[in-house]
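This is what each chain is made of:
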Amino acid sequence: MEKGLLPKPLSHLLNLSRKYSLWVYQWGLACCAIEMGAAFGSPRYDVMRLGVIPFPASARQADLVVVSGTVTDKMAPPIRRLWEQMPDPKYVISMGSCANCGGPYWDSYSVTKGVDQIIPVDVYVPGCPPRPEALLEGIVLLQERIQHEDMAERWKGDPIVVGA
Amino acid sequence: MAVTTDWQKSAYIAAQAADARVNVELETEGMTLNLGPQHPATHGTLRIVVRLDGEQVVWAEPICGYMHRGYEKLCEVRTYPQVTTLINRIDWLGHFANEVPFILAAEQLMGIEAPPRAQWIRTIFFEMARIANVSLFLGDMGIQLGAITPVFYAFRDREYVLNLMEAATGGRFHPNFDRIGGLKEDLPRGWVDECHGVMTRVISFCQEMEDLLMGNEIFQTRTRGIGVIPAAVGLEYGLSGANIRASGVDWDLRRDQDSPLAWKHCDWKVWTHPDGDSYARYWVRLQETREAARIIVQLLDGLPSGPIQAKVPRIIKVPPGEAWCHTENPLGEMGFYLVSKGGRGPFRVKIRSASFNNISIVPWLLRGVYVPDVITILASLYFILGDIDR
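In this report, the structure presented in the accompanying data block is examined. Only a predicted model underlies this, so the values are computations on that prediction, with no experimental measurement involved. (Residues numbered from 1 in each chain as written. Chains lettered and ligands numbered in written order. Predicted model: local features only at pLDDT ≥ 70, side-chain atom pairs only at ≥ 80, totals over all residues. Heavy atoms only, no water.)

1. Quick notes on the interface of chain A and chain B
On the chain B side, the residues contacting the 34 residues of chain A number 33 residues. In this assembly, chain A and chain B are joined by four salt bridges. Here E166 of chain B and R131 of chain A are joined by a salt bridge, their closest N and O atoms 2.5 Å apart. In this assembly, chain A and chain B are joined by 15 residue pairs in polar contact (both at pLDDT 80 or more). Residue assignment for the side of chain A that touches chain B shows that the elements contributing at least two residues are β1 (22-28), α2 (31-41) and α3 (76-85) of chain A. Among the elements that take part in the side of chain A that touches chain B, α2 of chain A stands out by supplying six residues, more than any other. In terms of residue class, the side of chain A that touches chain B is built from 20 nonpolar, nine polar and five charged. (Contact = heavy atoms within 4.5 Å. Salt bridge = Lys/Arg side-chain N within 4 Å of Asp/Glu carboxyl O. Polar contact = N/O pair within 3.5 Å; in protein donor to acceptor, adjacent residues only side chain to side chain. Helix = DSSP H or I, 4+ residues; strand = E, 2+ residues; numbered from the N terminus. Nonpolar A, V, L, I, M, F, W, Y, C, P; charged D, E, K, R; others polar.)

Right, dumping it as C-alpha cells:
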C-alpha cells in the first residue's frame, strides 16, 4: 500500500469492473447525436456488447459523457454545469469536428471552438459526423486506458485521438 | 329581487366557507418546470419553460438559440460550392433536401437548368432524405411514449437507406452532392437494383410500424385528441409540412408549385387527415414515407439517360439579382431567399426553415394540457434543433 496505490490484483479487478460498466450520458447536441444514437440505439452497432450502458437518468449517475455536436456559447455554461455534476472518475469523449475544434463553424460568432475550452477531454473522435464505428473505437480505446489506468498519467492530460 | 331568509343567508355563507376551505386545501402553488436545454424529449437543445398549476400547463414558452450557429452570416463569407456543405447541416436528418432549394435559387439567378437525369436523381435523393428523416420520427415517437422497440426497427431500416446514400455520394449523412447545374457524379453501377430492394424494405417497415404502434391501444389513447391544431390556427402560425396536412389542409409544394424536379412525372398522392391531433400527424408522416418509397420506385423505373451536369463556368459567379426558392422538405416548407451582387459568394441569404414556424405554435398548443402530453405534443410536432435555430 505504499504511495497510496492499491495492490495490483485489487486495482486490476476494480479497473476491469469499471471498464465494463461505463454509464454513458448522451449529450446529443447536433448532427452527431444521430450517429451517436445509431451507435447506442441501433441493432447494427449495439454498444451494450462492449459493456457500455447508454441510458442513465441524469449526469449524476454517469461515468462517461459523449459530447456530440456543436457547442455554442449559449450552451457552454449548461455543459460545464452538467460535467461538474458527474461523480469522479469521469471521462469525456468529444465526438465530431464541431466539439473538437469548431468544425465547419470555425469562423462563426456564436460557436465555441472546441468543447475542450470548457471541460477536459479524454478522447477525440474526428469526423463530420464520425461514423458510429469511429465512436465505438473511441470507446474501446478509452476502455483500454481505464484498464491500465495510472492516475498520474491521466492527470498529465494526454488525450487519445481516434485514427491518429 | 328574491327574498332571502336569514336561514338561507347563513346556509349560503356556510357553503361558501366550506368551499373555500376545500379549495385552500386542494390549491397547489404554481410551479415552474424547466425542460431542457438538455432533455431527451427535445431531441437536442431546445429549452421549454412551463408554468404548471397542479399537473396542468398554464403557460409555456420555448427558448431557442442553444443551437444557433449563424448560418445566414456564414453563407455570406463562403463561395457557392462551399455553401452547400454548410446548409446540409441545417436539418441534419433531411440532409440532401436542404441543398436543393438553395441550388435551385442559384440556378434561377444564373438562368441555367440541370439536365433531366440530374433532376430525376435529385428527386430520388430528396425522397430518400425524407425517408431517412421521417423513419426516425416514426420510431422516435414510440420511444417518447414509452414504447422502446420501434426505434430499434427504425434505426435498422434507416441504415439501408444511408448505405445507399453512402454508395452514391460518399457521405452517410451529409452528402454534399448537389451542384449548380447538376450533380457531382452519376450513380454507381448496380445502385438502381439495390435501391429497388431497399424500397421494398422501407414499405414493409412502414407496414411494420403500423402494426406495431398504430394499432396499439396505449398509443392511441395517448395520441388521439392530444394537441389538436385547427386548420385556421395552424395557418396563422405558419405551420407547414405534415403538421398542417394533418389538420386537413391539402397543401404540398411538391405538387402545388411548378418545380424543375421530377415529381410531376410520377403518380403519387398528398395525404391529409381531418383530425389535427398527434395521432393524425403520425399517420400523415407514415403515409408520406410510403409515398416517398413509391415515388422513388417510379423514378428508378423511368430514369432517363444523358449527362448529369449542365455547362457551367469553372469559377461560379452568380449574376446580381434576387431569387426565392422553396421546396417541401421532410419537416415542411424550406426556402432560401438569395441576394447576389455578382460575387463568388452570396451577398445575403435568408433561410426560411420549417421547424422554427412549427414550434412557434407551442405556447398556444401547450396551454391547458397535462405534463405527459407535453412530451407527446413535442414529439408529434417533430422539429430538428438545427432547423429551428439555424
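2. A few points about the pattern of salt bridges
Residues and elements named next belong to chain B. Taken as a whole and judged by the stated rule, the model has 29 salt bridges over all chains. In this structure, the salt-bridge partner of R156 is D157, at a minimum N-O distance of 3.2 Å. Under the relative-accessibility criterion, D157 is labelled buried at 4%. With its nearest N and O atoms 3.5 Å apart, the salt bridge here joins R294 to D267. A residue pair is termed long-range when its members are at least 10 positions apart, and R294 in helix α12 (residues 278-301) and D267 in the loop between α11 (253-256) and α12 qualify at 27 residues. A relative accessible area of 54% places D267 in the exposed class. (Buried < 20%, exposed > 50% of the residue type's maximum accessible area, 1.4 Å probe, protein only.)

3. Things to note about the nonpolar core
Residues and elements named next belong to chain B. Within the largest apolar cluster, 178 residues are counted, with the highest numbers of intra-cluster contacts made by F125, M128 and W191. Tallying contributions element by element places helix α5 (residues 116-144) first for this core, with 15 residues. For M128, the contacting residues outside a window of four places in its chain are V161, L164, M165, W191, C195, M199 and I296. (Core = buried A, V, L, I, M, F, W, Y, C linked by side-chain atoms within 4.5 Å.)

4. A closer look at the sheet that holds strand β8 (residues 348-352) of chain B
Residue and element names in this part refer to chain B. The strand order across the open sheet built from three strands is β6-β7-β8, with neighbouring strands paired in antiparallel fashion. Since the sheet does not close on itself, it has two edges, and those belong to β6 (321-329) and β8, each with one partner. In this sheet, adjacent strand axes meet at a mean angle of 10° when their direction is disregarded. Relative to β8, strand β7 (residues 332-340) runs antiparallel, the two sharing five bridges. Within the sheet, the bridge partner assigned to F336 lies in β8 and is I351. Relative to the sheet, helix α4 (residues 95-110) contacts β6, β7 and β8, its axis offset from that of β6 by approximately 150°. (Pairing = 2+ DSSP bridges. Axes fitted to C-alpha atoms, helices over the stretch in contact; angles between N-to-C directions.)

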